[in-house]
Amino acid sequence: MAYYSRSSLEKMGFKFLGENVKISDKASIYDPELIEIGDNSRIDDFCVLSGKIKIGIHVHVAPFCLVAGGEEGVFMDDFSGLAYKVQVFTQSDDYSGETLTNPTIPARFKKEYKKSISIGRHVIVGAGSIVMPGVCLAEGCSIGAMALIHKDTSPWGIYTGCPAKRIKSRKKDLLTLEKKFLDEQENDSI
């Protein structure tokens, strides 16, 4: 996988660009002036990022993901990640037939639902999952592959299904590993 150079990333005009950020040269970035990316985060091949997005440190977005921040925004906290083909939407048209739909239609003929999305610290969203507008994925949640998440989650749960439902609690052992990892990073930088 080839990544943009630091100078190429800086020329794109991101709102904020941390250190050691890697973005595939095959990713599509729209509205970079609305996008913030923290240290050591990575965006892989064939991803599309658009609109207002804030990405924390050590975040991974796997190939073929769509993160559509729109006006409301997608907020990905530290150590979170999206597996292959995850789609995150902050807005949706009304599909009832009472209004017109799609981006070629003026707003006065549509009824769009727009809400921000929060993806908490240590959240992992499984391959092919869809996150709908307004959802808050609480800290530590693990979302199984092909899940449809249309409601908020509670912390440290494992969710699967369509629609996603909590099936059990997720272990917190990774918090000890996070501390050790960050301590080692700090010692290496001294």
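Source: prediction; values computed, not measured. (Residues numbered from 1 in each chain as written. Predicted model: local features only at pLDDT ≥ 70, side-chain atom pairs only at ≥ 80, totals over all residues. Heavy atoms only, no water.)

Colleague: Break down the overall build of the chain for me, with residues and values.
Modeller: When helices and strands are tallied, the chain shows two helices and 22 strands. Expressed along its principal axes, the backbone C-alpha trace of the chain runs to roughly 60 × 45 × 25 Å. Each of the 190 residues in the chain was classed as buried or not, and the buried ones make up 41%. When the accessible surface of the chain is split by element, carbon and sulfur atoms take 54% of a total near 10,300 Å². Considering the chain, the positive charge centre built from 24 side chains and the negative charge centre built from 25 side chains are found 5 Å apart. (Helix = DSSP H or I, 4+ residues; strand = E, 2+ residues; numbered from the N terminus. Buried < 20%, exposed > 50% of the residue type's maximum accessible area, 1.4 Å probe, protein only. Areas by Shrake-Rupley, 256 points an atom, 1.4 Å probe, with all protein chains shown as cover. Lys, Arg positive; Asp, Glu negative; His and termini not counted. Charge placed at Lys NZ, Arg CZ, Asp CG, Glu CD.)

Colleague: Now, about the sheet that holds strand S15 (residues 117-119): what can you tell me, with residues and values included?
Modeller: Spatially, six strands are ordered S1-S4-S7-S10-S15-S18 in an open sheet, and the strand pairing comes out parallel. One side of each edge strand has no neighbouring strand; the edge strands of this open sheet are strand S1 (16-17) and strand S18 (136-137). In this structure, strand S10 (residues 74-76) lies alongside S15, joined through three bridges in parallel fashion. Within S15, the residue paired with Val74 across the bridge is Ile117. (Pairing = 2+ DSSP bridges.)

Colleague: Before we move on, can you summarise the packing of aromatic side chains with the specific residues and values?
Modeller: All told, the structure shown has two aromatic pairs when counted by the stated rule. Consider the rings of Phe46 and Phe64, whose centres lie 5.0 Å apart with planes at 25°: the pair is stacked. In this pair, Phe46 is assigned in the loop between strand S5 (42-43) and strand S6 (48-50) and Phe64 in the loop between strand S8 (60-61) and strand S9 (66-68), connecting sequence segments 18 residues apart. The class of Phe46 is partly exposed, set by a relative accessible area of 41%. Overall, Phe64 belongs to the partly exposed group, its relative accessible area being 45%. Considering the side-chain rings of Phe79 and Phe181, the 6.2 Å spacing of their centres and the 80° angle between planes classify their relative orientation as edge-to-face. Here Phe79 is found in the loop between S10 and strand S11 (81-82), whereas its partner Phe181 is found in helix H2 (residues 173-189), with 102 residues between them in sequence. The class of Phe79 is buried, set by a relative accessible area of 18%. (Phe/Tyr/Trp six-rings, centres within 6.5 Å; stacked < 30°, edge-to-face > 60°.)

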